[in-house]
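Inside the fold
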Amino acid sequence: MAAVAQAVSLLSRESSRLFPCPTIPYRMYIKKQRLLTPGPTPLLPAALHAMMGSDIHHRTEDFRNLYRQVLADLKEVLGTSNDVLTLVASGSGGLEAATQNFFSPGDETLVCCAGKFGERWVEIMKAWGMKATVLKARYGDVVAPAAVEAALAANPNLKGVFVQASETSTGAAHDVKAMGEIVKKTKAIFVVDAITGIGTMPLDIDGWGLDIIVGGSQKAFMIPPGLAFVAISPKAWALAETSTAPRFYFDLKKEKKNAVNGESAWTPNTALLLALGEALKYIKNLGMDKLVANAEILARATRAAVTELGLVIFSSSPGSSVTAVRPPAGMDSGVIVKEFRNRFNAIITNGQGSMKGEIFRIAHLGYFDFHDLFALIAELELILTANGYPVKFGSGVAAVQNVYAEVAMPQAVLAGTNR
Ligand SMILES: *Cc1c(COP(=O)(O)O)cnc(C)c1O
């Protein structure tokens, strides 16, 4: 009994440290940690388990078989006949490689900038001495394809157009199909940061003329951070022939030469490639279109729920990788983020930069399901109510249920309900 009493007192001490609220005892002691951010994302268990087999050497046939399979599967799930290469880097390493291997200092480029990741393109341009014209959209908005068309018509020297398919910082999605069709008619190449676009929106790389697209492992691929993917069209390879930018580690031509033999130029991240192999198997089995539909449906249900709760979607062109939501007037979004962490051990994200405090972001990319969303919306209702913005319990959850019922239940069943 004494041991039990001691354990209880330890638990309450722990809980009072996390919840320093003297009047309301908090009795929910088990709280599983849930990673609900738009990168890193929840991990696919099979991929996580596969990482334990990483005691293999990268200059052996075992590795070559793995790498050949991963590169072939990447091409298949991306639906492209272009070369696809992997790099040991977070997504930004892929963005840098996509710049450094194709352009030269002094080149004129066009950057569509609609948030923090658009600003990253601008910084990369500056670092490599390129002259970027920036088409800037207000946070939450997007750059219109017509603006890209006008800028290309005004300056025939532009060698590249850079954009985010999905601007993760604001939850906005660009119309890369329309942009691709415009850029295709010029000598410029179209470079798309699709790091959260892949797996959350249709992307016809070959059909739309997406000359270079960059992906990252910790987004819809359901594995930890540390790998970047770059798909490269023949038009982009032709431009690479003229590039004079210095390079050593991120040398895509060298990677391509090695990939033909099932090897990477440098020591690869064997653990992550094993994980990727499993994740790609899972995605192939499911179908890339189904992975996209999954994110789209969760995003739709999220928009319905937060709207029902009286909250406002931040972006005028919301995509399906992440939904950015404004908190109720007068409430700092950091309160909501902190409450998710403290009350439910759930990790969601605040806004970045000047959007900090202004938005919170709910992710849908990769290994997310309705179960995650039901819990998240139910918790959001409790958090809003606990912080001076009372909502009708269950009203947001019902909005999610309605979307679920609509997409996953036969009409005959629904006809008899009083939803
Ligand atoms: C996550 C992300 C990146 C890459 O960030 P890293 O931290 O380098 O992986 C780049 N662009 C977008 C749109 C992203 O969401």
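Please read all numbers here as calculations on a predicted model, not as lab measurements. (Residues numbered from 1 in each chain as written. Predicted model: local features only at pLDDT ≥ 70, side-chain atom pairs only at ≥ 80, totals over all residues. Heavy atoms only, no water.)

Right, let's talk about the overall build of the protein chain for a bit. The helix and strand tally for the protein chain stands at 16 helices and 15 strands. For 419 residues, the compact-globule estimate of 2.2 N^0.38 gives 22 Å, and the C-alpha radius of gyration of the protein chain, at 23 Å, lies within 12% of that figure. Looking at the 419 residues of the protein chain, the share that counts as buried comes to 54%. Within the protein chain, residue pairs in contact and separated by at least 24 positions form 71% of the contacts whose partners lie at least 6 positions apart. Side chains of the protein chain carry 41 positive and 37 negative charges; the gap between the two charge centres is 4 Å. (Helix = DSSP H or I, 4+ residues; strand = E, 2+ residues; numbered from the N terminus. Rg over C-alpha atoms; globule rule 2.2 N^0.38 Å. Buried < 20%, exposed > 50% of the residue type's maximum accessible area, 1.4 Å probe, protein only. Contact = heavy atoms within 4.5 Å. Lys, Arg positive; Asp, Glu negative; His and termini not counted. Charge placed at Lys NZ, Arg CZ, Asp CG, Glu CD.)

As a further point, take the packing of aromatic side chains. For the structure shown, the criterion picks out eleven aromatic pairs. Seen from their ring centres, Tyr249 and Phe250 are 5.3 Å apart, and the 65° between their planes marks the pair as edge-to-face. Its relative accessible area of 34% is what places Tyr249 among the partly exposed residues. Ring geometry for Tyr249 and Trp266: centres 5.7 Å apart, planes at 15°, overall stacked. On the criterion of sequence distance, the pair formed by Tyr249 in the loop between α9 (234-240) and α10 (252-260) and Trp266 in the loop between α10 and α11 (270-286) is long-range, its members being 17 residues apart. Ring pairs connect the aromatic residues Phe248, Tyr249, Phe250 and Trp266, which therefore count as one cluster. (Phe/Tyr/Trp six-rings, centres within 6.5 Å; stacked < 30°, edge-to-face > 60°.)

Let's shift gears to the domain arrangement of the protein chain. By domain assignment, the protein chain separates into domain 1 (34-41 + 288-415) and domain 2 (45-286). Relative to domain 2, the C-alpha centre of domain 1 lies at a distance of 28 Å. If you look at the interface, domain 1 gives 29 residues, while domain 2 gives 29 residues. At the boundary of domain 1 with domain 2, total buried surface from both sides reaches about 2,400 Å², with 64% on carbon and sulfur atoms. (Domains from an automatic or database assignment. Buried area = accessible area lost by both parts, 1.4 Å probe.)

Let us look at the site of the ligand. In the vicinity of the ligand there are 13 residues, among which Ser90, Ser92, Thr168, Asp193 and Lys219 approach most closely. Measuring from an oxygen atom of the ligand, one finds a backbone N or O atom of Gly91 at 2.9 Å. Within the side chain of Gln218, one N or O atom sits 2.8 Å away from an oxygen atom of the ligand. Protein contacts shield 88% of the accessible area of the ligand, which totals 380 Å² for the unbound molecule. Looking at the shell around the ligand, the elements that each hand over two or more residues are α4 (91-100) and α5 (116-127). Broken down by class, the residue content of the shell around the ligand amounts to two nonpolar, eight polar and three charged. (Near = heavy atom within 4 Å. Polar contact = N/O pair within 3.5 Å; in protein donor to acceptor, adjacent residues only side chain to side chain. Areas by Shrake-Rupley, 256 points an atom, 1.4 Å probe, with all protein chains shown as cover. Nonpolar A, V, L, I, M, F, W, Y, C, P; charged D, E, K, R; others polar.)

Let us now look at a negative patch on the surface. Taken together, the side chains of Asp175, Glu181, Asp204 and Asp206 present a region of like negative charge at the surface. Among the structural elements, Glu181 can be located in helix α7 (residues 176-184). Residue class for Glu181 comes out partly exposed when judged on its relative accessible area of 34%. (Patch = residues over 30% accessible without salt bridge, like charges linked within 9 Å, V, L, I, M, F, W, Y side chains within 5 Å. Salt bridge = Lys/Arg side-chain N within 4 Å of Asp/Glu carboxyl O.)

This paragraph deals with the pattern of salt bridges. Note that side chains of opposite charge can pair when their charged atoms are close. The tally for this structure, following the rule as stated, stands at 16 salt bridges. Asp141 serves as the salt-bridge partner of Arg138, at 3.1 Å between the closest nitrogen and oxygen. Across the pair Lys253 and Glu241 runs a salt bridge whose closest N-O atoms are separated by 3.6 Å. Of the two residues, Lys253 sits in helix α10 while Glu241 sits in the loop between α9 and α10, which places them twelve residues apart along the sequence. A relative accessible area of 39% means that Lys253 is categorised as partly exposed. A relative accessible area of 56% places Glu241 in the exposed class. Salt bridges sharing partners connect three or more residues here, namely Arg59, Glu61, Arg64, Arg68 and Glu263.

Of note, Thr41 is situated in the loop between β1 (34-35) and α2 (45-50). Polar contacts involving the side chain of Thr41 include one to the main-chain carbonyl oxygen of Lys219, which spans 2.9 Å. Not counting residues within four places of it along the chain, the set of residues in contact with Thr41 comprises Leu35, Gln218, Lys219, Met222, Leu365 and Phe368.

Within the secondary structure, Leu203 is located in the loop between β8 (189-193) and α8 (205-208). For the pair Leu203 and Asn269, spaced 66 residues apart in sequence, the C-alpha separation works out to 27 Å. Setting aside anything within four residues of it in sequence, one finds Leu203 in contact with Leu78, Ala165, Val176, Ala194, Gly197, Ile198, Trp208 and Leu210.

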